[in-house]
Amino acid sequence: MKIIPVILSGGSGSRLWPVSREYYAKQCLPLVDANFSLLQNTVLRTEFFAFSSPIVVCNESHRFLIAQQLQDIGVVQASILLEPEGRNTAPAIALAALEAQHKGLDDALLLVLPADHVIRDVSAFEKAIQQASDLAASNGLVTFGVQPTRPETGYGYIRSGADFAVAEFVEKPDETTAQSYLDSGDYLWNSGMFLFKAKAYLSELATYRRDISEAVKVAYQGRSEDMDFVRIDAAAFAACPEMSIDYAVMEPTKNAKVVPYAGDWSDIGAWDALYDYADKDAEQNVLLGDVMAENANNCLVRAESRLVAAVGVDNLVIVETADAVLVMDKNNAQDVKKVVKRLKEEGRDEHMHHTTVHRPWGTYQTVDLGDRHQVKRITVKPGEKLSLQMHHHRAEHWVVVSGTAKVQLGDKELLLTENESTYIPVGVVHALENPGKIPLALIEVQSGGYLGEDDIVRFSDRYGR
């Protein structure tokens, strides 16, 4: 059977703050592999059986980052479906199924994978998919149950029956119940991975949740194509009920099957999960980055921008980024989302962006920020161009550090190289482009009464913003 990977890349990973941010979520981060992000590894592990490039369902705000990460691993024909807002997994998977039908792949099997899972035992993963393929080819809706290794209270469970039947889905248990599940040998962790035909899933969704089925169809029919992306009709999708595939389809259907997967697996949902999964030193510490530990045990310490020293501590998570530091007892890992909630309520932006912000043309990093000034380091990728724009409240000074800058300044055009500079007055239309073959790096000094990113009037933009 032909298999199409469907990668679900929604969510912001708030429990992995401050490394995971709303506009640079955990699935795009190299959390367990220095070379590839969680998303990239998820796509790469499907290469042995994939019939076509993946269908990726993601948040609109992540679109350029995800497209770039796919291109970086050689995936250039992916269908990237943009959810106007998150409505949980049942609608997201329905969008992917409709996209597969649109491509004439109605009988192909959709392998639905969350973008943030970690699987190192690829051989066991392959065997589970091969085993599931026959069930899915016969119109079964197959979920993969992970063989539990501990009495985990953070996962839902599946009780397996005869002939791969699902006997029961159960919610996250308390520790005593989780231990009884482990002891019985009849329960598997609910992994959130699935295999089924597009038409089989859509048929069951229409049977048990026609309201979701109809709303998604309307939203998909109203789609538009924008560069490499498929934009879903926002108003129609907003009217779709929010529901997981488990509640909408897998629990009520009579065609649910479960195939056990006995290899290693983690959803890296929080810092304690990352600690459990990572390699540890003799003191059971996970030390990442420029870290010194003295008389420290059972800790995860991650440094991103400076030296972090941990002395005489036990069972802590310490995570340092350029603009935030998290210190907590490892047992409170689920409570990080409470901090993120407070950041939102207090109108701060540390939950949204890092000091380095990614754009389709490159990056900018805030180096210094005051009442009437801001200093940024800007990097523009070769051949890329920022929008033609102007500002009402700020002037800008640009100094080229390396590379070549092509600058449109009103009706003039300038070509600047290393150590050369220019000045953009308030209200002057301007654009910045890298015409060279190497990255362009420059320092931008902004001055004025208002320095917000919303003080940008765009006249043209190749990225459709």
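Heads up: these notes are all about the structure in this document. As the structure is a prediction and not an experimental result, all values here were calculated from the model.

What counts, and where the lines are drawn
Residues numbered from 1 in each chain as written. Predicted model: local features only at pLDDT ≥ 70, side-chain atom pairs only at ≥ 80, totals over all residues. Heavy atoms only, no water. Helix = DSSP H or I, 4+ residues; strand = E, 2+ residues; numbered from the N terminus. Rg over C-alpha atoms; globule rule 2.2 N^0.38 Å. Buried < 20%, exposed > 50% of the residue type's maximum accessible area, 1.4 Å probe, protein only. Contact = heavy atoms within 4.5 Å. Areas by Shrake-Rupley, 256 points an atom, 1.4 Å probe, with all protein chains shown as cover. Lys, Arg positive; Asp, Glu negative; His and termini not counted. Charge placed at Lys NZ, Arg CZ, Asp CG, Glu CD. Axes fitted to C-alpha atoms, helices over the stretch in contact; angles between N-to-C directions. Parallel < 35°, antiparallel > 145°, perpendicular 65-115°, else oblique. Nonpolar A, V, L, I, M, F, W, Y, C, P; charged D, E, K, R; others polar. Pairing = 2+ DSSP bridges. Expected span 1.5 Å × (residues − 1). Core = buried A, V, L, I, M, F, W, Y, C linked by side-chain atoms within 4.5 Å. Salt bridge = Lys/Arg side-chain N within 4 Å of Asp/Glu carboxyl O.

### Observations concerning the overall build of the chain
Point 1. Across its full length, the chain holds 11 helices and 28 strands.
Point 2. The C-alpha radius of gyration of the chain comes to 24 Å, within 12% of the 23 Å expected for a compact globule of 465 residues.
Point 3. In terms of overall dimensions, the chain has a C-alpha envelope of 75 × 60 × 40 Å along the principal axes.
Point 4. Put simply, the chain has 465 residues, and 51% of those count as buried.
Point 5. Put simply, 69% of the contacts in the chain that link residues at least 6 apart link residues at least 24 apart.
Point 6. Accessible surface, the chain: about 20700 Å² in total, of which carbon and sulfur atoms supply 47%.
Point 7. One finds the centroid of the 45 positive side-chain charges in the chain at a distance of 4 Å from the centroid of its 65 negative side-chain charges.

### Focus on the packing of helix 6 (residues 198-208) against helix 7 (residues 210-221)
Point 1. For the pair helix 6 and helix 7, interaxial distance at closest approach is 5 Å and the crossing angle is 125°. Regarding the angle of helix 6 to helix 7, the classification is oblique. Seen from helix 6, the contacting residues are Leu205, Ala206 and Tyr208; seen from helix 7, they are Arg210, Ile212 and Ser213.
Point 2. Of the residues that constitute the contact of helix 6 with helix 7, the class distribution is four nonpolar, one polar and one charged.

### Quick look at the sheet that holds strand 16 (residues 316-320)
Point 1. Spatial ordering of the open sheet is given by 12-14-16-17, a layout of four strands whose pairing is mixed. Two strands lie at the open edges of the sheet, namely strand 12 (286-288) and strand 17 (325-329), each paired on one side alone. In this sheet, adjacent strand axes meet at a mean angle of 5° when their direction is disregarded.
Point 2. Sheet topology places strand 16 next to strand 17; five bridges connect them, and they run antiparallel.

### Things to note about unusual backbone geometry
Point 1. Here the bond from Trp17 into Pro18 is cis, since omega is 10°, no more than 30 degrees from zero.
Point 2. Locating Pro18 in the fold gives a position in the loop between strand 1 (3-9) and helix 1 (38-44).
Point 3. One non-glycine residue, Asn298, lies in positive phi territory at about 60°.
Point 4. Take Asn298: it is sitting in the loop between strand 13 (291-294) and strand 14 (300-303).

### Focus on helix 7
Point 1. Here helix 7 is 12 residues long and its end C-alpha atoms lie 16 Å apart, about the 16 Å a rise of 1.5 Å per residue gives.
Point 2. The complete set of buried residues in helix 7 reads Ile212, Ser213, Ala215, Val216, Ala219 and Tyr220.
Point 3. Buried positions along helix 7 lie against helix 3 (89-102), helix 6, helix 8 (234-238) and helix 9 (245-250).

### Some words on the nonpolar core
Point 1. Counting 88 residues, the largest nonpolar core has Leu111, Phe125, Phe144, Leu195, Trp271 and Leu432 as the members making the most contacts within it.
Point 2. Here the element with the most residues in this core is helix 4 (residues 122-137); it accounts for seven residues.
Point 3. If near-sequence neighbours (up to four positions away) are discounted, Phe125 is found in contact with Arg45, Phe49, Leu111, Leu113, Ile119, Met193 and Tyr261.
Point 4. Among the nonpolar cores identified, the runner-up in size contains 48 residues, and Leu8, Phe196, Ala200 and Ile212 belong to it.

### Re the sheet that holds strand 22 (residues 394-402)
Point 1. The six strands lie next to each other as 18-19-20-27-22-25, forming an open sheet whose pairing is antiparallel. The open sheet terminates on both sides in strands that have one partner only, identified here as strand 18 (356-359) and strand 25 (421-424). Strand-to-strand, the axes of this sheet are offset by a mean angle of 20°, without reference to chain direction.
Point 2. Judged from the four bridges that link them, strand 22 and strand 25 form a sheet pairing that is antiparallel. Bridging from a neighbouring strand, His397 pairs with Tyr423 of strand 25.

### Quick look at the pattern of salt bridges
Point 1. One pass over the structure, following the stated rule, counts 19 salt bridges.
Point 2. Among the ionic pairs, Arg87 bridges to Glu85, the shortest N-O distance being 3.2 Å.
Point 3. One salt bridge connects Asp226 with Arg231, and the closest N-O pair in it is separated by 2.8 Å. Of the two residues, Asp226 and Arg231, neither departs from the other in class, the shared state being buried.
Point 4. Among the charged side chains, a salt-bridge network with shared partners connects Glu60, Asp226 and Arg231.

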